[in-house]
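Geometric and topological summary
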Amino acid sequence: MENVRKQFASRRGINNVALAVDGSHIPYKPQNAATAADFRNYKGWNSILLLGFVNSFHCFVDADVGACGKSGDNSVLGTSWLMAQIEKDPEAWLGPNGVIAGDNGASDGGKRLLQPIPNPSTPEDFFYNFCHSSTRFFVEETFGRWKNRWRFLLYAQDMDHARFNRVVYASVILHNLCTIRKDDAVDFRSGADDEWRQFFKEFARDACPS
């Protein structure tokens, strides 16, 4: 925890940040026409929403997956398992006086979320928001690495909703494993037989290019 907080602070000197949180929309083709409108996000396309909590080493600490695209970060945050655990024992999750760097799209009533100053008007306000954005940017970097690693997240999938949620959540776990074990490599070409080759051919469209 101490290393995580130091890493956050190393960006622009904001102390006590232990997590960063943000939402990310993942393209999705809803199978049920009756509920399709629920998946249309504010950007105008269909998606599911992932609310991710990350540390300063580009790993997910938790992720809420599967809310319909029209949902906002704030509504998902209100039912978050991790936020409930933090409320029970904040020091265990965030350290002494720990806070979570978030944007203005989510709020917990000023309890744990450290947000930018709305409508800044002074040089001090603008500079604080710059420092805050630089600190919170760990979550944007994590999303970028995660989606770049698992390219199926960039294209609309037509699985049923529950199955797609599980696949997305699995990719979050695998992202953490790949990040932690970055020097470990798996080469599926080694010793591949006809059954393996057929498997990868069949599921080629879901494969990560790397």
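Everything numeric here is computed off the predicted structure, so don't read it as measured data. (Residues numbered from 1 in each chain as written. Predicted model: local features only at pLDDT ≥ 70, side-chain atom pairs only at ≥ 80, totals over all residues. Heavy atoms only, no water.)

**Overview of the packing of helix α5 (residues 123-149) against helix α6 (residues 161-180)**
Contact geometry of α5 with α6 gives a least axis separation of 10 Å together with a crossing angle of 105°. Taken as axis vectors, α5 and α6 run roughly perpendicular relative to one another. For the pair α5 and α6, contact is made by T142, R145, W146 and R149 and by V168, S171, V172, H175, C178 and T179, respectively. (Axes fitted to C-alpha atoms, helices over the stretch in contact; angles between N-to-C directions. Helix = DSSP H or I, 4+ residues; strand = E, 2+ residues; numbered from the N terminus. Parallel < 35°, antiparallel > 145°, perpendicular 65-115°, else oblique. Contact = heavy atoms within 4.5 Å.)

**Describing the sheet that holds strand β1 (residues 17-27)**
Strand order in the open sheet made by the five strands is β3-β2-β1-β4-β5, with mixed pairing throughout. One side of each edge strand has no neighbouring strand; the edge strands of this open sheet are β3 (60-68) and β5 (113-114). Sheet topology note: the strand β2 (residues 47-54)/β3 ladder contains seven bridges and is antiparallel. In the strand pairing of β3, F53 is matched with D62. Together, β1 and β2 form the strand contacts of helix α1 (residues 2-12), whose direction differs from that of β1 by roughly 75°. Running at roughly 135° to β3, helix α3 (residues 81-88) makes contact with β1, β2, β3 and β4 (99-101) of the sheet. (Pairing = 2+ DSSP bridges.)

**Looking at the packing of α1 against α5**
Between α1 and α5, the least distance of the axes is 8 Å, while the angle of their chain directions is 130°. With respect to each other, α1 and α5 are oriented oblique. When you trace α1 past α5, the crossing you get is right-handed. Across from Q7, F8, R11 and R12 in α1, the residues of α5 making contact are F130, C131, S134, T135, F137, F138 and E141. Residue classes in the contact of α1 with α5 are distributed as five nonpolar, three polar and three charged. (Left-handed = near helix turned anticlockwise from the far one by under 90°. Nonpolar A, V, L, I, M, F, W, Y, C, P; charged D, E, K, R; others polar.)

**Some points on α3**
Think of an α-helix as turning once every 3.6 residues; residues three or four places apart then point the same way. Turning to α3, its buried residues are L82, M83, Q85 and I86. Summarising the axial view, the buried residues of α3 lie within an arc of 160°, below the 170-degree limit, and thus occupy one face. Buried-residue contacts for α3 involve β1, β2, β3, α2 (73-77), α4 (90-94) and β4. (Buried < 20%, exposed > 50% of the residue type's maximum accessible area, 1.4 Å probe, protein only. Arc of directions from axis to C-beta.)

**Some words on the pattern of salt bridges**
Within the structure shown, the criterion is met by six salt bridges. Put simply, K70 and D38 hold a salt bridge, and the shortest N to O gap is 3.1 Å. Of this pair, K70 sits in the loop between β3 and α2 while D38 sits in the loop between β1 and β2, and the two are 32 residues apart along the sequence. Classification of K70 as exposed rests on a relative accessible area of 56%. Of the charged contacts in the structure, one is a salt bridge between R136 and E140, with a shortest N-O distance of 3.6 Å. Placement of the pair is R136 and E140 together in helix α5, with a separation of four residues, close to one helical turn. (Salt bridge = Lys/Arg side-chain N within 4 Å of Asp/Glu carboxyl O.)

**A look at the confidence of the model for the protein**
For any part of a model where pLDDT is low, the fine detail of the predicted coordinates should not be relied upon. This prediction gives the protein a mean pLDDT of 88; 90% of its residues lie at or above 70. Within the protein, β4 carries the highest mean pLDDT (97), whereas helix α7 (residues 194-202) carries the lowest (69). Throughout residues 184-188 the model reports pLDDT below 50, and contacts reaching past four residues in sequence, or to other chains, amount to one contact. (pLDDT = per-residue confidence, 0-100.)

**Describing α5**
Relative to the 39 Å expected for 27 residues at 1.5 Å per residue, α5 spans 39 Å between its end C-alpha atoms, a close match to the ideal helical length. Largest kink in α5: about 35°, centred on R136. (Expected span 1.5 Å × (residues − 1). Bend = angle between axes of the 7 residues up to and from the residue.)

**Overview of unusual backbone geometry**
Unusually for a residue other than glycine, N97 sits at a positive phi of about 55°. Inspection of the secondary structure puts N97 in the loop between α4 and β4. Backbone geometry places N119, a non-glycine residue, at a positive phi of 50°. Along the chain, N119 falls in the loop between β5 and α5.

**Quick notes on the pairing of β1**
β1 sits mainly inside the fold: eleven of its eleven residues count as buried. Examined bridge by bridge, β1 and β4 share three bridges and lie parallel to one another. Among the inter-strand pairings, L19 is bridged to a residue of β4, identified as I100. As paired elements, β1 and β2 share eight bridges and run antiparallel to each other. Bridging from a neighbouring strand, G23 pairs with L51 of β2.

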